[in-house]
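# Coordinate inspection notes
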Amino acid sequence: MADKIKLYVYLLTVVLLTLVHSAIFYTAVLLVLFFLSGRGFVFILKKSTGVVAFFAGTVSIFYTALYGLDVEYLTLLNLRVFTITFLTFLFIKKTDLFKALDFSKTLTFLLVVSYSQILSFKKYYTEFSMALKSRTVKKLSFREKYLFSKSSAGFFLDKSLKNSQEIAAAMKSRGFFIE
């Protein structure tokens, strides 16, 4: 029951965070979230920063190129994105999603499918990294790292498309899609 309550609080909080337009508010919420994260603070902070850095950089550059530099708006946007991302990682760390979604067989099934995909992709990534490490003697150049990343991304994209087709067919055969 506690996990369901956490789910509802999380969803309500995300909606509320999208409605507020104050950098001071987001800073205060972040401080509360930092406190609530406890020992997991550094881990969640690293994950959130890593995920948001690419988004924030890309969006900020393109926004500035199209509309000019608006520091106040960009600060608000990036604070909002970082706050929601940190909240999401905190929610995932503190909540058993399987218990939170056990009220719906469909959502539980989708979670199981998603989780199994995440675990298999994590395994592939680990195997790719170990294979690269075992086959290199000297430090890789930037170009070699780029080529490895490019081929790995191609594999994951191809695997995702194939898996999604198989999963969609399996779900259709079990009545998940109504036509």
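All values derive from a computational prediction rather than experimental measurement. (Residues numbered from 1 in each chain as written. Predicted model: local features only at pLDDT ≥ 70, side-chain atom pairs only at ≥ 80, totals over all residues. Heavy atoms only, no water.)

A separate point is helix α7 (residues 142-173). An ideal rise of 1.5 Å per residue puts 46 Å on 32 residues; α7 measures up with 46 Å between its terminal C-alpha atoms. What α7 keeps buried is the set Ser152, Phe156, Asn163 and Met171. In the core, the buried residues of α7 are packed alongside α6 (105-134). Remark: Gly175 follows α7 within two positions and exhibits a positive phi of approximately 85°. (Helix = DSSP H or I, 4+ residues; strand = E, 2+ residues; numbered from the N terminus. Expected span 1.5 Å × (residues − 1). Buried < 20%, exposed > 50% of the residue type's maximum accessible area, 1.4 Å probe, protein only. Contact = heavy atoms within 4.5 Å.)

All right, on to helix α3 (residues 41-67) then. The axis of α3 is deflected most strongly, by about 30°, at Val52. Taken together, the buried positions of α3 are occupied by Ile44, Ser48, Val52, Ala56 and Ser60. On its buried face, α3 sits against α2 (23-37) and α4 (71-94). Of the residues trailing α3, Gly68 is marked for its positive phi of about 90°. (Bend = angle between axes of the 7 residues up to and from the residue.)

Turning our attention to the nonpolar core. In this structure, Leu17, Leu33, Phe86 and Leu87 are the most contacted members of the largest nonpolar core, which totals 25 residues. For this core, the element with the highest residue contribution is α4, accounting for 11 residues. Beyond its immediate chain neighbours, meaning those up to four positions away, Phe86 contacts Leu30, Leu33, Phe34, Ser37, Phe41, Ile44, Leu45 and Ser48. (Core = buried A, V, L, I, M, F, W, Y, C linked by side-chain atoms within 4.5 Å.)

It is worth spelling out the side chain of Thr95 at this point. By the secondary structure assignment, Thr95 is in the loop between α4 and α5 (97-100). Separated by 2.8 Å, the side chain of Thr95 and the backbone oxygen of Phe91 make a polar contact. In this view, Thr95 contacts Asp3, Lys6 and Ala100; residues no more than four positions away in its chain are not counted. (Polar contact = N/O pair within 3.5 Å; in protein donor to acceptor, adjacent residues only side chain to side chain.)

Attention now goes to the pattern of salt bridges. Applying the stated criterion across every chain, the model contains 2 salt bridges. Two residues, Lys4 and Asp102, come together in a salt bridge whose shortest N-O distance is 2.4 Å. With a gap of 98 residues between them, Lys4 in helix α1 (residues 2-19) and Asp102 in the loop between α5 and α6 connect regions that are remote in the sequence. For the salt bridge of Lys162 with Asp158, the shortest nitrogen-to-oxygen distance reads 3.3 Å. On the criterion of helical spacing, the pair formed by Lys162 and Asp158 is a turn pair, its members being 4 residues apart in helix α7. (Salt bridge = Lys/Arg side-chain N within 4 Å of Asp/Glu carboxyl O.)

Right, let's get into the environment of Thr49. With respect to the element layout, Thr49 can be found in helix α3. Residues Thr49 and Phe82 lie 33 residues apart in sequence; the distance between their C-alpha atoms is 7.5 Å.

Applying the stated criterion to the full structure yields 15 aromatic pairs. Aromatic side chains Phe128 and Phe155 sit 5.0 Å apart centroid to centroid with 80° between the ring planes, which places their arrangement in the edge-to-face category. Of this pair, Phe128 sits in helix α6 while Phe155 is found in helix α7, placing the two residues 27 residues apart along the sequence. Members of the aromatic cluster, connected to one another through ring pairs, are Phe121, Tyr124, Phe128, Phe155 and Phe156. (Phe/Tyr/Trp six-rings, centres within 6.5 Å; stacked < 30°, edge-to-face > 60°.)

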